[in-house]
Amino acid sequence: MNTTAPLIIKNVHKTYHAENSTVDALVDINLKVKPGEFVSIVGSSGCGKSTLLKLIVGLENHFRGEIRLGDDKIKGTDVDRGMVFQEARLFPWLTVEENIAFGLVEKLSAKEKKKIVEHHINLVNLNGFAKSYPHQLSGGMQQRTSIARALVNNPKILTLDEPFGALDALTRIQMQQEVLRIWALEKTTMLLVTHDVDEAIFLGDRIVVMSSRPGTINKIIPVDLPRPRDRNSDEFVKIKKEIYAELFKEEQEFLDYVI
Ligand SMILES: Nc1ncnc2c1ncn2[C@@H]1O[C@H](COP(=O)(O)OP(=O)(O)OP(=O)(O)O)[C@@H](O)[C@H]1O
Ligand SMILES: [Mg+2]
């Protein structure tokens with residue numbers, strides 16, 4: 001695995017074929033993500049955000065164009081690319097530590113596995129909950145567990161598909177800070193899909209704004225603000241306005257209501 005290689009998405013088109021219909025989910029997507037970069041992706045429902053992440057992770061393999069990590073073409077799933085979903089998707093019959101250990105590559109010894117799991121429990125601040133079952137955890141703690149599970153094989157790239165969508169507003173803000181802390185520690189390249197424009201700006205180095213169906217990239221907005229970011233600063237609000245203007249450019253009448 002090349003840890004200094006960028007993620008390159010080149011001329012990607014994705015069409016879904018159902019029995020008697022076809023859907024153009026992604027059209028001509030081009031994006032280059034630097035190693036260690038944090039990219040947020042926003043766009044209306046159905047514009048192809050989850051599809052894009054699935055292609056990057058290798059859960060969907062039929063598409064036109066090219067996705068590479070440096071020179072290596074992405075083929076199917078691999079431990080170098082992890083994914084966190086909106087719901088934690090934990091195994092209810094396994095404890096926190098067993099859920100985290102579940103995806104660990106086989107060839108490690110029991111001692112090595114234990115050490116890695118412990119490191120990740122600490123990383124997501126779940127000390128003391130290793131033996132708990134998912135139903136004994138809050139929504140935020142379940143999502144921490146799924147982040148730990150996705151990071152356990154030390155992936156080069158972590159994709160997050162609306163990971164905090166099911167959480168209340170306060171927990172959501174805490175989790176955003178947690179993700180920043182983990183990102184700074186682990187230096188994983190992160191691609192975050194979110195409906196929350198504030199979240200996108202708070203976290204991202206750049207924000208990819210997608211158009212509605214068929215999904216294409218309309219604009220890429222850099223966020224040149226030091227972290228931690230002040231959500232009420234003039235610069236932050238200016239970027240927010242720019243994103244909303246892009247998202248609602250075909251529905252100008254809504255713009256006055258959103259900001
Ligand atoms: N497996 C599938 N088979 C057929 N069509 C699909 C499939 N998955 C997604 N689609 C279609 O592709 C388009 C993009 O879907 P996708 O899930 O990527 O959107 P999204 O941007 O993640 O939406 P949301 O914000 O609601 O999660 C939609 O029109 C959807 O109906
Ligand atoms: Mg989606």
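Attention here is on the structure that accompanies the text. (Residues numbered from 1 in each chain as written. Chains lettered and ligands numbered in written order. Predicted model: local features only at pLDDT ≥ 70, side-chain atom pairs only at ≥ 80, totals over all residues. Heavy atoms only, no water.)

1. Section: the environment of valine 237
Stage number 1. In this fold, valine 237 is placed in helix H7 (residues 234-247).
Stage number 2. Owing to a relative accessible area of 25%, valine 237 belongs among the partly exposed residues under this scheme.
Stage number 3. For the pair valine 237 and alanine 166, spaced 71 residues apart in the sequence, the C-alpha separation amounts to 25 Å. (Helix = DSSP H or I, 4+ residues; strand = E, 2+ residues; numbered from the N terminus. Buried < 20%, exposed > 50% of the residue type's maximum accessible area, 1.4 Å probe, protein only.)

2. Topic: helix H3 (residues 110-123)
Stage number 1. Here H3 is 14 residues long and its end C-alpha atoms lie 20 Å apart, about the 20 Å a rise of 1.5 Å per residue gives.
Stage number 2. Of all the positions in H3, only Val117, His120, Ile121 and Leu123 are classed as buried. End-on view of H3: buried residues confined to an arc of 155 degrees, all on one side of the axis. Those residues of H3 that are exposed and angled more than 90 degrees off the buried face are Lys111, Lys114 and Lys115. (Expected span 1.5 Å × (residues − 1). Arc of directions from axis to C-beta.)

3. A closer look at the pairing of strand E6 (residues 81-84)
Stage number 1. Covered by surrounding structure in E6 are Arg81 and Met83 together with Gly82 and Val84, the residues of both alternating faces.
Stage number 2. Both E6 and strand E7 (residues 157-161) contribute to a ladder of four bridges, which runs parallel. By the bridge assignment for E7, valine 84 is matched with leucine 160. (Pairing = 2+ DSSP bridges.)

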